[in-house]
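# Residue-level structure breakdown
Here's the letter readout for the chains.
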Amino acid sequence: MSKRKAADEVFCRSCGEAIKRASELCPNCGVRNDKYSPTGGGSADGSRDLTQYETSVSDTWWYGVAAGTGIWLLLVIASAATSDLGAAGGFLVLIGWVGLPLSVYFDTRYVRANSEWDPNVAVWVVLTAVWFLNVPAGAAYLYRRHQVLGVP
């Protein structure tokens, strides 16, 4: 029989019992709950609790965001110069349409885990997937990322 927990519960790191996320101590064994926060999600100084966003996502996904934004910029310039981009242009469109939103998705996970900025993942992914919005959205995302992390 597997252990089950409700949405507002976590498993105790010591005994494994399901306890309320808001509980400071496990009622079964008395060990402190790692997920307990007296302010309800933030830290005592009002900043976000970054431990809830721990991730194994690499810090290099911004390269994909930069490359995808550059590809779209290149495509916009090339489509203004000629009406037929050929097979290479179609391949670049495919890479841009998949690569840029995917890179933004993974990079937002890294940014949320390593800075005070909590970017709305859905908004950034949609903005970078929409034609003609993706270039300014990609540039704005990279600029904001630079403000909070210093990279790129």
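Analysis parameters
- Residues numbered from 1 in each chain as written.
- Predicted model: local features only at pLDDT ≥ 70, side-chain atom pairs only at ≥ 80, totals over all residues.
- Heavy atoms only, no water.
- Helix = DSSP H or I, 4+ residues; strand = E, 2+ residues; numbered from the N terminus.
- Expected span 1.5 Å × (residues − 1).
- Buried < 20%, exposed > 50% of the residue type's maximum accessible area, 1.4 Å probe, protein only.
- Contact = heavy atoms within 4.5 Å.
- Polar contact = N/O pair within 3.5 Å; in protein donor to acceptor, adjacent residues only side chain to side chain.
- Phe/Tyr/Trp six-rings, centres within 6.5 Å; stacked < 30°, edge-to-face > 60°.

### Brief notes about helix H1 (residues 61-81)
Compared with the 30 Å implied by 1.5 Å per residue over 21 residues, the 31 Å span of H1 between its first and last C-alpha is a close match. Within H1 the residues assigned to the buried category are Trp62, Val65, Gly68, Thr69, Ile71, Trp72 and Leu75. On its buried face, H1 is in contact with helix H2 (86-114) and helix H4 (134-149).

### Comments concerning the side chain of Ser103
The residue Ser103 is located in helix H2 in this model. For Ser103, the side chain forms a polar contact with the main-chain oxygen of Gly99, separated by 2.8 Å. Sequence-distant contacts of Ser103, defined by excluding residues within four places in its chain, comprise Trp61, Gly64 and Val65.

### Considerations on the packing of aromatic side chains
For any pair of aromatic rings, the description rests on two quantities: the centre-to-centre distance and the angle between the ring planes. Under the criterion given, the structure shown has nine aromatic pairs. A ring pair is formed by Tyr105 and Phe106, whose centres lie 5.1 Å apart and whose planes are at 75°; its orientation type is edge-to-face. By relative accessible area, Tyr105 is classed as partly exposed at 35%. You can call Phe106 partly exposed: its relative accessible area is 23%. The interplanar angle of 40° and the centroid separation of 5.6 Å between the aromatic rings of Trp117 and Tyr141 together place this pair among those described as tilted. In this pair, Trp117 is assigned in the loop between H2 and helix H3 (121-129) and Tyr141 in helix H4, connecting sequence segments 24 residues apart.

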